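# Fold and contact review
So you can see what is in the structure, the chains are spelled out below.
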Amino acid sequence: TDSSKSRGVYRLISKGRRSEGSHVDDSWRAYAGRVLQGPPFQIFIGLSIVVNAWVIGMETDMPSLWFWDVVEFLFLVIFTGELALRYWVSGTEGFFDATGMDFPWNIFDLIVVSMGVLDFFGSAVG
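Residues numbered from 1 in each chain as written. Predicted model: local features only at pLDDT ≥ 70, side-chain atom pairs only at ≥ 80, totals over all residues. Heavy atoms only, no water.

### Observations regarding the overall build of the protein chain
What the protein chain contains, in helices and strands, is five helices and zero strands. Along the protein chain, helices (α) and strands (β) appear in the sequence α-α-α-α-α when read from the amino end. Within the protein chain, the fraction of its 126 residues that count as buried is 29%. Across the protein chain, every contact between residues at least 6 apart in sequence was considered, and the portion connecting residues at least 24 apart equals 68%. In the form shown here, the protein chain has an accessible surface area of approximately 8200 Å², with 70% of it arising from carbon and sulfur atoms. (Helix = DSSP H or I, 4+ residues; strand = E, 2+ residues; numbered from the N terminus. Buried < 20%, exposed > 50% of the residue type's maximum accessible area, 1.4 Å probe, protein only. Contact = heavy atoms within 4.5 Å. Areas by Shrake-Rupley, 256 points an atom, 1.4 Å probe, with all protein chains shown as cover.)

Okay, here's the thing in structure tokens:
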């Protein structure tokens, strides 16, 4: 769940773990980690998931409304931003650590968001 994700991010921040060759100031990364684990951000992402599911249902019932593409794009930006922030905070090594408790969620989120990005660009080209 989102709370287990935040605990994993917190452990990475509290240990001061950085990927090799990182030029990012640890204080910015630590701040981003605190934002990720904070209740306001967790609530925002949780509500975004619920509202996105509701929108998908509404879009199925009313497919001809003009603004669905805009709404879908906004959710794609939110979820891509959240994934990118988690990746930046965790670093490549932490994000893809198969022994970490966040690994299955990281891979799941990466696949889902990647499919959304591919769908967006596929729709824009085609």
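### Structural notes on a nonpolar patch on the surface
Together, Trp66, Val70, Phe73, Leu74, Val77, Phe120 and Phe121 line one region of the surface with nonpolar side chains, adding up to about 750 Å² of accessible area. At the level of secondary structure, the elements contributing two or more residues to the nonpolar patch comprise α4 (68–95) and α5 (103–125). Among the elements that line the nonpolar patch, the one with the most residues is α4, at four residues. When you line up the elements, Phe121 lands in helix α5. (Patch = residues over 30% accessible without salt bridge, like charges linked within 9 Å, V, L, I, M, F, W, Y side chains within 5 Å. Salt bridge = Lys/Arg side-chain N within 4 Å of Asp/Glu carboxyl O.)

### Digging into the packing of aromatic side chains
Following the criterion strictly, the structure yields nine aromatic pairs and no others. Taking the centre distance of 5.5 Å and the plane angle of 85° together, the rings of Trp66 and Phe67 count as edge-to-face. Given the relative accessible area of 70%, Trp66 is considered exposed. Residue class for Phe67 comes out partly exposed when judged on its relative accessible area of 29%. (Phe/Tyr/Trp six-rings, centres within 6.5 Å; stacked < 30°, edge-to-face > 60°.)

### A short note on helix α3 (residues 39–61)
Taking 1.5 Å of rise per residue, the 23 residues of α3 would be expected to cover 33 Å, and the 33 Å separating its terminal C-alpha atoms lies within 8% of that figure. Residues Phe41, Gln42, Ile45, Ser48, Asn52 and Val55 constitute the buried set of α3. (Expected span 1.5 Å × (residues − 1).)

### Topic: the nonpolar core
By size, the foremost hydrophobic cluster in this structure holds seven residues: Val55, Trp68, Phe75, Phe79, Leu83, Phe95 and Val113. In terms of residue count, α4 provides more of this core than any other element does, five residues in total. In contact with Phe95, other than residues within four places in its own chain, are Leu83, Arg86, Tyr87, Ser90, Phe103 and Asn106. (Core = buried A, V, L, I, M, F, W, Y, C linked by side-chain atoms within 4.5 Å.)

### Things to note about the layout of surface pockets
A water-sized probe, rolled over the atoms, reveals where empty space remains. Approximately 830 Å³ is the volume found for the largest pocket. Asn52, Leu76, Phe79, Val112 and Gly116 are, among the 26 residues lining the largest pocket, the residues nearest its centre. Counting residues per element, the ones that place at least two in the lining of the largest pocket are α1 (2–14), α3, α4 and α5. Considering every element that reaches the lining of the largest pocket, the biggest residue donor is α5, with eleven residues. A class-by-class count of the residues in the lining of the largest pocket yields 15 nonpolar, three polar and eight charged. (1 Å grid on protein atoms, 1.4 Å probe; cavity = no way out; pocket = protein on both sides within 12 Å on 5 of 7 lines; lining within 4 Å. Points joined across faces, edges and corners; volume = space filled by probe spheres on them. Nonpolar A, V, L, I, M, F, W, Y, C, P; charged D, E, K, R; others polar.)

### Side note on the pattern of salt bridges
Evaluation of the coordinates by the stated rule reveals two salt bridges. Across the salt bridge formed by Arg86 and Glu82, the nearest N and O atoms sit 2.9 Å from each other. Of this pair, Arg86 and Glu82 both sit in helix α4, four residues apart, which is roughly one turn of the helix. Both residues of the pair, Arg86 and Glu82, belong to the buried class. Here Arg86 and Asp109 are joined by a salt bridge, their closest N and O atoms 2.5 Å apart.

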